[in-house]
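Summary of the model geometry
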Amino acid sequence: MTKKIILLIGLLLLLLGNKPITANPHEQTTSLSDILLYCNTPDFIKNMAENDYKLGLAASGLVNDDKHRMLLSMELLMNPNNRQWAIIFNYTKGNLSCIMGGNHIELFKPKN
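1. Some words on a nonpolar patch on the surface
- A surface patch of nonpolar side chains, about 310 Å² in accessible area, is lined by Leu 37, Tyr 38 and Phe 44.
- Structurally, Tyr 38 can be placed in strand β1 (residues 38–40).
- Given the relative accessible area of 34%, Tyr 38 is considered partly exposed.

2. A short note on the sheet that holds strand β5 (residues 97–102)
- One open sheet holds the five strands; their spatial order is β1-β5-β4-β3-β2, and the pairing between them is antiparallel. The open sheet is flanked by β1 and β2 (56–62), the only strands paired with a single partner. Mean inter-strand twist for the sheet, computed between neighbouring axes without regard to direction, equals 20°.

3. Examining the nonpolar core
- Core analysis: the biggest nonpolar cluster contains eight residues, these being Ile 45, Met 48, Ala 49, Leu 55, Leu 77, Ala 86, Ile 88 and Ile 99.
- For this core, the secondary-structure elements that each account for two or more residues are α3 (42–52) and β4 (84–91).
- With three residues, the single largest contributor to this core is α3.
- For Ala 49, the contacting residues outside a window of four places in its chain are Lys 54, Leu 55, Leu 77, Ile 88 and Ile 99.

About the thresholds
- Residues numbered from 1 in each chain as written.
- Predicted model: local features only at pLDDT ≥ 70, side-chain atom pairs only at ≥ 80, totals over all residues.
- Heavy atoms only, no water.
- Patch = residues over 30% accessible without salt bridge, like charges linked within 9 Å, V, L, I, M, F, W, Y side chains within 5 Å.
- Areas by Shrake-Rupley, 256 points an atom, 1.4 Å probe, with all protein chains shown as cover.
- Salt bridge = Lys/Arg side-chain N within 4 Å of Asp/Glu carboxyl O.
- Helix = DSSP H or I, 4+ residues; strand = E, 2+ residues; numbered from the N terminus.
- Buried < 20%, exposed > 50% of the residue type's maximum accessible area, 1.4 Å probe, protein only.
- Pairing = 2+ DSSP bridges.
- Axes fitted to C-alpha atoms, helices over the stretch in contact; angles between N-to-C directions.
- Core = buried A, V, L, I, M, F, W, Y, C linked by side-chain atoms within 4.5 Å.
- Contact = heavy atoms within 4.5 Å.

Written out as structure tokens, the structure reads:
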């Protein structure tokens, strides 16, 4: 009788051990619109980045992608003294720009 109970417990542990621990085992990405830090008018965002955070323009470009038609352009701003960075997204409709940024940027030389 004890052998059957031990065998049954072992079988249950084996079956339960193969199930995922989390309710949703699939990785999910967060939409960019859910992590943007701040949105306002383009002039306000640019002024805040340059004057308050002392960031300078490092790169800019137009967004040419059918999936992102709502974006007009983007700008990468950096402060090499404290390694802060920010990306400004300028939208096509309305008077809107959004900024997100961070610290400890590392720059790499392109291979091409």
